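# Observations on the three-dimensional arrangement
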Amino acid sequence: KPMTHAVFAELDDDYCMRGSVAGWIVSMVNVFGRNGGFKAIRDELMAAEETPLATARARALLRPVFEVRDFFTAEFLDWFGGAFGPVTERLLQLSDEDLKADFRLVQDINIYASVLYRSSCGEGVRQAMDTFRLRMALKCFLSPFLERRLVGLADICGIVEEVSSWRGRQANTKQELEDRPWITCAYLCGWIGENKVLEAVFVRNVHAEVVKRSARVLSFLAAEGAFGNREAEMVWGASRGKHESVQKCVLEILAACCPHHDRPDPLRTLVNLA
């Protein structure tokens, strides 16, 4: 449609157009869009991969769009969702120092972009969102700053919990189909191995708090049959020559994940190591 006639927002049956605040919002949103406002926002966001975009600027561009998200048409959301890729890639390119300094802004951008993108109907939306969640969690987890590492690990554990809740379940309703993650248990096991998540906990830069909070990941791997002799030796090795606090955490998480093992070999390995 020509920009001057395009419909960017509309009221659903829950709102009364005449004299309502919602009606005024829809009118202003459409005026803004027909004057090129949303195109200017989208163009600047789309250029984020080539032209460095300040984190504060990205947040400022996305926030007003996010605030009126309930009124947008599906057509508009599909079109605006094209900015999700460039924006999220920009976040993933941040240095560790910038991520630490601008973390609250990054969290806001993550929420704004994800909610807007989830509302679109484009193909591959769930896959793109879930892949970004994993990549962003990993970026935080591999940070040299402990606070960011713990945030990243918490995000990974949250994804593990969500994916595990769908083990053996079928999506029977439209809402369940929308809520079901694209990530599967098998995919997540492979991702944890490929990105050496356990090595980052138990081999490199071992810290008692990180070890303690990794229990959910170990239990998940054990339940999926992805915790073998190699992993048992790695986790046990983290206790050798370390501070008593680390040794205590290692023993506690190994004990916590024992009931989840579906085969005896890793348990025998642990008994022999002990």
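Residues numbered from 1 in each chain as written. Predicted model: local features only at pLDDT ≥ 70, side-chain atom pairs only at ≥ 80, totals over all residues. Heavy atoms only, no water.

As a further point, take the packing of helix H2 (residues 37–46) against helix H3 (residues 55–67). At a minimum axis distance of 11 Å, the contact between H2 and H3 shows a crossing angle of 145 degrees. The crossing of H2 and H3 is left-handed. Along its contact with H2, which presents Phe38, Ile41, Glu44 and Leu45, the element H3 presents Arg57, Leu61, Leu62 and Val65. Here the contact of H2 with H3 is built from residues that sort into six nonpolar, no polar and two charged. (Axes fitted to C-alpha atoms, helices over the stretch in contact; angles between N-to-C directions. Helix = DSSP H or I, 4+ residues; strand = E, 2+ residues; numbered from the N terminus. Left-handed = near helix turned anticlockwise from the far one by under 90°. Contact = heavy atoms within 4.5 Å. Nonpolar A, V, L, I, M, F, W, Y, C, P; charged D, E, K, R; others polar.)

Here the focus is the side chain of Ser114. Summarising the element assignment, Ser114 is placed in helix H7 (residues 103–118). Setting aside residues no more than four positions away along its own chain, Ser114 makes contact with Phe84 and Met129.

Let us now look at a nonpolar patch on the surface. Nonpolar side chains collect at one region of the surface, where Trp24, Met28 and Val31 lie side by side and expose about 320 Å² of accessible area between them. In this fold, Met28 is placed in helix H1 (residues 21–34). Taking the relative accessible area as the measure of exposure, Met28 reaches 39% and is therefore partly exposed. (Patch = residues over 30% accessible without salt bridge, like charges linked within 9 Å, V, L, I, M, F, W, Y side chains within 5 Å. Areas by Shrake-Rupley, 256 points an atom, 1.4 Å probe, with all protein chains shown as cover. Salt bridge = Lys/Arg side-chain N within 4 Å of Asp/Glu carboxyl O. Buried < 20%, exposed > 50% of the residue type's maximum accessible area, 1.4 Å probe, protein only.)

Let us look at the packing of aromatic side chains. As enumerated under the stated definition, the model contains 13 aromatic pairs in all. An aromatic cluster is defined as three or more aromatic residues linked by ring pairs; in this entry it consists of Phe8, Phe32, Phe38, Phe72, Phe76, Trp79 and Phe80. (Phe/Tyr/Trp six-rings, centres within 6.5 Å; stacked < 30°, edge-to-face > 60°.)

Let us now look at the side chain of Thr88. With respect to the helices and strands, Thr88 occurs in helix H5 (residues 84–92). A polar contact of 2.8 Å, which involves the side chain of Thr88, links it to the backbone oxygen of Phe84. (Polar contact = N/O pair within 3.5 Å; in protein donor to acceptor, adjacent residues only side chain to side chain.)

Along the chain, Gly124 falls in the loop between H7 and helix H8 (125–141). For the pair Gly124 and Trp182, spaced 58 residues apart in sequence, the C-alpha to C-alpha distance is 9.3 Å.

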